[in-house]
Amino acid sequence: MKVLAIRGRNLASLGEFNVDFTQEPLASAGLFAITGATGAGKSTLLDALCLALYNKTPRLAHVSNQAGNLADVGEHTLGIHETKNILRRGAVDGFAEVDFVGNDGQDYRAKWSIRRAHNRSTGAVQGEVLSLHQLPDLNPIGHTKTEVLAATGEKIGLAFSEFSRAVLLAQNEFFTFLKADDS
């Protein structure tokens, strides 16, 4: 699996963003660092990657369903464990989108999107919508969340737990990585 681009809008501290790894200077960089001040959106960029591919994020991977709720707008609440919390406050909708080369050598686009009811900033956050398309013709793969997640996992060749250990090491897991044995 090779990431070609990460795009999104209204996720946590980020408005609209587009990181294209096929364009310079990233295309020839080989190795690069994601740096910035606290709250600049470094982790949110990685969350967008995981949301589009798996409908999960490393920062919420260990949060229990019983962790409680957070106030949203009006009388609405969201569970602390829900990925819906990444929607930027006051935003009506948001998305995370990733273009990648699958383990079969084909290009794909995975997308996670969310919106508020009635397209109003006071509406309750609706369920997330997932899609997977083969590029360049945008041929859809799967119709339900379950089908899309299964197809995405097949194209990547890794489950979320494997991806978050082998490809994307979240900052809250770095100490575990340093202390891990060879196995």
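Residues numbered from 1 in each chain as written. Predicted model: local features only at pLDDT ≥ 70, side-chain atom pairs only at ≥ 80, totals over all residues. Heavy atoms only, no water.

Draft legend 1. Representation of the environment of D99. Residue placement: D99 occurs in strand β5 (residues 93–101). Between the C-alpha atoms of D99 and L132, which are 33 residues apart in sequence, the distance is 9.7 Å. Beyond its immediate sequence surroundings of up to four residues, D99 is in contact with K2, V3, L4, A5, R7, Y108, R109 and L135. At a separation of 2.8 Å, a polar atom in the side chain of D99 contacts the side chain of R7. (Helix = DSSP H or I, 4+ residues; strand = E, 2+ residues; numbered from the N terminus. Contact = heavy atoms within 4.5 Å. Polar contact = N/O pair within 3.5 Å; in protein donor to acceptor, adjacent residues only side chain to side chain.)

Draft legend 2. Highlighting the side chain of N10. By secondary structure assignment, the location of N10 is in strand β1 (residues 2–11). Side-chain polar atoms of N10 contact the backbone oxygen of D93, separated by 2.8 Å. If sequence neighbours within four positions are ignored, N10 has contacts with G15, I86, L87, R88, A91, D93 and G94.

Draft legend 3. Representation of the packing of aromatic side chains within the structure. A complete count under the given rule lists 3 aromatic pairs for this structure. With 5.6 Å between their ring centres and 65 degrees between their planes, Y54 and F160 make a pair best called edge-to-face. Pair noted here: Y54 is in helix α1 (residues 42–54) and F160 is in helix α3 (residues 160–166), with a separation of 106 residues, a long-range link. Its relative accessible area of 8% is what places Y54 among the buried residues. Within the aromatic cluster, the residues linked to one another by ring pairs are Y54, F160 and F163. Just above the ring of F95 sits the side chain of K111; from NZ or CZ to the centre is 4.8 Å. (Phe/Tyr/Trp six-rings, centres within 6.5 Å; stacked < 30°, edge-to-face > 60°. Buried < 20%, exposed > 50% of the residue type's maximum accessible area, 1.4 Å probe, protein only. Lys NZ or Arg CZ within 6 Å of the ring centre and 35° of its normal.)

Draft legend 4. Geometry of helix α2 (residues 145–156). Between its first and last C-alpha, α2 extends 16 Å over 12 residues, near the 16 Å set by a 1.5 Å rise per residue. Every buried residue belonging to α2 is among V148, A151, T152, K155 and I156, and all of these are buried. Buried residues of α2, viewed axially, fall in a sector of 130 degrees; they line one side. Exposed and facing more than 90 degrees away from the buried side of α2 are T146 and E154. (Expected span 1.5 Å × (residues − 1). Arc of directions from axis to C-beta.)

Draft legend 5. Geometry of the environment of A110. Within the secondary structure, A110 is located in strand β6 (residues 107–115). In the structure, A110 is positioned 14 residues away from A96 in sequence and 8.3 Å away in space, judged by C-alpha atoms. Not counting residues up to four positions away in its chain, the partners in contact with A110 are A52, L53, A96, E97, V98, F100, S131 and L132.

Draft legend 6. Seen up close, the pattern of salt bridges. The tally for this structure, following the rule as stated, stands at 11 salt bridges. In this structure, D93 engages R9 in a salt bridge whose closest nitrogen and oxygen atoms are separated by 3.4 Å. Here the residue D93 occupies a position in strand β5, and R9 occupies one in strand β1, the gap between them amounting to 84 residues. Shared partners join several salt bridges into a network, and the residues in it are R7, E97, D99 and R109. (Salt bridge = Lys/Arg side-chain N within 4 Å of Asp/Glu carboxyl O.)

Draft legend 7. A look at the nonpolar core. Of all hydrophobic cores here, the largest spans 33 residues; its most connected members are I6, L53, F100, W112 and L132. Elements supplying a minimum of two residues to this core: β1, β2 (14–20), α1, β5, β6, β7 (129–134), α2 and α3. The element best represented in this core is α1, accounting for 8 residues. Leaving out residues up to four positions away in the same chain, F100 has contacts with M1, K2, V3, L4, L53, Q106, D107, Y108, A110, L132, K155 and I156. (Core = buried A, V, L, I, M, F, W, Y, C linked by side-chain atoms within 4.5 Å.)

All we've got here are geometric facts, nothing functional implied.
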